[in-house]
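Understanding the architecture of this molecule
Single-letter residue listing:
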Amino acid sequence: GAGVSQSPSNKVTEKGKDVELRCDPISGHTALYWYRQSLGQGLEFLIYFQGNSAPDKSGLPSDRFSAERTGGSVSTLTIQRTQQEDSAVYLCASTFRRGRTEAFFGQGTRLTVV
Amino acid sequence: ELKVEQNPLFLSMQEGKNYTIYCNYSTTSDRLYWYRQDPGKSLESLFVLLSNGAVKQEGRLMASLDTKARLSTLHITAAVHDLSATYFCAVEKETSGSRLTFGEGTQLTVNP
């Protein structure tokens, strides 16, 4: 596609429910990142995928968070048993090659846990 | 741990004035980026700075990098209302998987 596409754009969920956020990176981009933007925390790195390498999960805040990337393209971020502190905008970014170009960001998914 | 600090965090200025946003970072880095974010929108890449002394300009914005001082600046010349947005600097280290570590952001408001 022309840019990084994320869905849904907005998601309201009840505390304790599971949610899945989707990211479709720019075609041909091999690196994919998830970040979280929340009030008081700024922009935080969550997880990084590069090609077929094992993902760097060091930014995931708890074991309720997981992500996968199928076929080296689309990625899904899953949050289990959502808590109110999970409310944030979740941003996905992709780059053509690791470290060689700037990351292009999607529009984000605004998650609200009520 | 890499830390990135921006100042000021809030900036209100009049059209036609000049100002500079500062971005300090705590350890050596490979690249420094400036992004713009409009309310409710995603991040738009403005500049990529690769080496010491790098200077890039686009319209009324100019970014520079001093790796020895671990400092980048974003200079705004003759501000216009359309520049109102939040500006983030972000630092990348390849040894950290090329993840970006962001500053807190500077919320710029340009008043007519």
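Residues numbered from 1 in each chain as written. Chains lettered and ligands numbered in written order. Predicted model: local features only at pLDDT ≥ 70, side-chain atom pairs only at ≥ 80, totals over all residues. Heavy atoms only, no water.

1. So, the state of the cysteines
Covalent bonding between the sulfur atoms of two cysteines is what defines a disulfide. What the rule picks out here adds up to 2 disulfides over all chains. Between C23(A) and C92(A) runs a disulfide, and the two sulfur atoms are separated by 1.9 Å. Judged by the sign of its S-S torsion, about -65 degrees, the cystine formed by C23(A) and C92(A) is left-handed. Linking C23(A) in strand β3 (residues 19–24) with C92(A) in strand β8 (residues 88–95), this pair joins segments that are 69 residues apart in sequence. Here C23(A) and C92(A) have matching classes, each one buried. Bridging C23(B) to C89(B), the disulfide has an S-S length of 2.1 Å. (Disulfide = S-S within 2.5 Å. Helix = DSSP H or I, 4+ residues; strand = E, 2+ residues; numbered from the N terminus. Buried < 20%, exposed > 50% of the residue type's maximum accessible area, 1.4 Å probe, protein only.)

2. Overview of the pairing of strand β8 (residues 71–76) of chain B
All names here are of chain B. Here strand β3 (residues 19–25) pairs with β8 via 6 bridges, running antiparallel. Bridge pairing in β8 places Y19 opposite I76. Of the strand pairs in this sheet, strand β7 (residues 61–66) and β8 are connected by 6 bridges, and their pairing is antiparallel. Within the sheet, the bridge partner assigned to D66 lies in β8 and is L71. Counted between consecutive antiparallel strands, the loop separating β7 from β8 contains 4 residues, among which R70 sits at a positive phi close to 55 degrees. (Pairing = 2+ DSSP bridges.)

3. Quick look at the sheet that holds strand β1 (residues 5–7) of chain A
Residue and element names in this part refer to chain A. Strand order across the open sheet formed by 4 strands is β1-β3-β7-β6, with antiparallel pairing between neighbours. On the outer flanks of this sheet lie β1 and β6 (65–69), each paired with one strand and no other. If you compare each strand with its neighbour and ignore which way they point, the axes differ by 15 degrees on average. Examined bridge by bridge, β1 and β3 share 3 bridges and lie antiparallel to one another. (Axes fitted to C-alpha atoms, helices over the stretch in contact; angles between N-to-C directions.)

4. Topic: the environment of N24(B)
All names here are of chain B. Note on placement: N24 falls in strand β3. Residue classification places N24 among the partly exposed residues on the basis of a relative accessible area of 31%. Residues N24 and D66, spaced 42 residues apart in sequence, show a C-alpha to C-alpha distance of 9.8 Å. Contacts of N24, omitting those with residues within four sequence positions, involve K3, V4, E5, N7, A69, R70 and L71. (Contact = heavy atoms within 4.5 Å.)

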